[in-house]
Amino acid sequence: MKQKVTLHVPTAQELWFREKCMSDPLTMEYNAGYDVSYEGYHRDTGCIDFPEYKWQDWAETKLTNPNFFYAYILDQTTGNFVGYCNFNKNPETGKATMGIVIKSEFHGKGYMRPAMELLLEKAKEKGVKTLTDTVPETREHALKVFFDLGFEKVGEFMSKKFDQPEVVAEIERRI
Ligand SMILES: CC(C)(COP(=O)(O)OP(=O)(O)OC[C@H]1O[C@@H](n2cnc3c(N)ncnc32)[C@H](O)[C@@H]1OP(=O)(O)O)[C@@H](O)C(=O)NCCC(=O)NCCS
């Protein structure tokens, strides 16, 4: 089923949904087990703290940055926020790293492809020349969507998830 979605840039008051996603272990499982240390990261679950006192500042610094794009994926039929996507452009090179997360209860319902199509349009509008992502090879169904949408694998590197080796594909799409 092809879902009808739009991209919605949240206000500071709407950042409750970002907090809800980032504090949900089922949604953040993909982010668990990495040997990174940044403020608020929980290695056991992948969750990241994003308390309300941070929302205003985050909105003011991130959402007003012309090289950063962040939006909720809004289901037009139900009015639900179902996930979020973003890119961060290097203005010197035109390369942008991207991310997309669908909240766990909305997985497998066909939100990724239409959201990615809109993200690609937005990247073009914002002057991105190349959109890049790093995706563990185990996420086969996500990689399939990326390849269908014109991404190519340009490299790979080894990472570790819960101390187990993991192959991560570097993918990119010329815009
Ligand atoms: C990857 C992710 C964004 C996919 O979102 P989603 O809305 O659940 O995906 P969709 O329902 O649109 O499915 C994407 C494709 O995978 C297929 N698919 C979904 N679940 C599947 C499963 N369990 N097994 C096999 N294929 C599956 C779908 O059929 C669809 O293919 P199609 O468009 O050709 O029909 C989501 O799982 C997520 O947020 N994961 C964590 C973050 C992440 O990995 N981000 C992307 C890479 S960094």
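Above this text sits the structure in question.
Residues numbered from 1 in each chain as written. Predicted model: local features only at pLDDT ≥ 70, side-chain atom pairs only at ≥ 80, totals over all residues. Heavy atoms only, no water.

A. Spotlight on helix 4 (residues 112–125). The first and last C-alpha atoms of helix 4 sit 20 Å apart over 14 residues, in line with the 20 Å expected at 1.5 Å per residue. For helix 4, the full list of buried residues reads Met112, Pro114, Ala115, Met116, Leu119, Leu120 and Ala123. One or two steps after helix 4, the chain reaches Gly127, where phi turns positive at roughly 75°. (Helix = DSSP H or I, 4+ residues; strand = E, 2+ residues; numbered from the N terminus. Expected span 1.5 Å × (residues − 1). Buried < 20%, exposed > 50% of the residue type's maximum accessible area, 1.4 Å probe, protein only.)

B. Summary view of the side chain of Glu172. Relative to the helices and strands, Glu172 resides in strand 7 (residues 164–174). Those residues in contact with Glu172 that sit more than four places away from it in its chain are Lys95, Thr130, Leu131, Thr132, Gly150, Phe151, Glu152 and Val154. (Contact = heavy atoms within 4.5 Å.)

C. Quick look at the site of the ligand. As a matter of local geometry, the ligand sits amid 19 residues, with Ile102, Gly110, Arg113, Arg139 and Lys144 nearest to it. Gly110 places a polar main-chain atom, nitrogen or oxygen, 2.7 Å from an oxygen atom of the ligand. For the ligand, an oxygen atom lies 2.9 Å from a polar atom in the backbone of Met112. Coverage of the ligand by the protein amounts to 70% of the 930 Å² it exposes when considered alone. Those elements that provide at least two residues to the shell around the ligand are strand 4 (95–102), helix 4, strand 5 (130–136) and helix 5 (140–148). (Near = heavy atom within 4 Å. Polar contact = N/O pair within 3.5 Å; in protein donor to acceptor, adjacent residues only side chain to side chain. Areas by Shrake-Rupley, 256 points an atom, 1.4 Å probe, with all protein chains shown as cover.)

D. Representation of the environment of Phe68. Positionally, Phe68 belongs in strand 2 (residues 68–75). Residue Phe68 is classed as buried on the basis of its relative accessible area, which comes to 11%. Separated by 16 residues in sequence, Phe68 and Glu52 place their C-alpha atoms 21 Å apart. With sequence-adjacent residues up to four places away left out, Phe68 is seen in contact with Trp58, Lys62, Asn86, Phe87 and Asn88.

E. The arrangement of the pairing of strand 5 in detail. The element strand 5 is largely enclosed, with a buried count of 6 among its 7 residues. As for the winding sense of the linkage, the β-α-β connection from strand 4 through helix 4 to strand 5 is right-handed. In the sheet, strand 5 pairs with strand 7 via 7 bridges, with the strands oriented antiparallel. What sits directly across from Thr130, in strand 7, is Arg174. (Right-handed = clockwise from strand over helix to strand, strands pointing away. Pairing = 2+ DSSP bridges.)

This is a description of form; function is not addressed.
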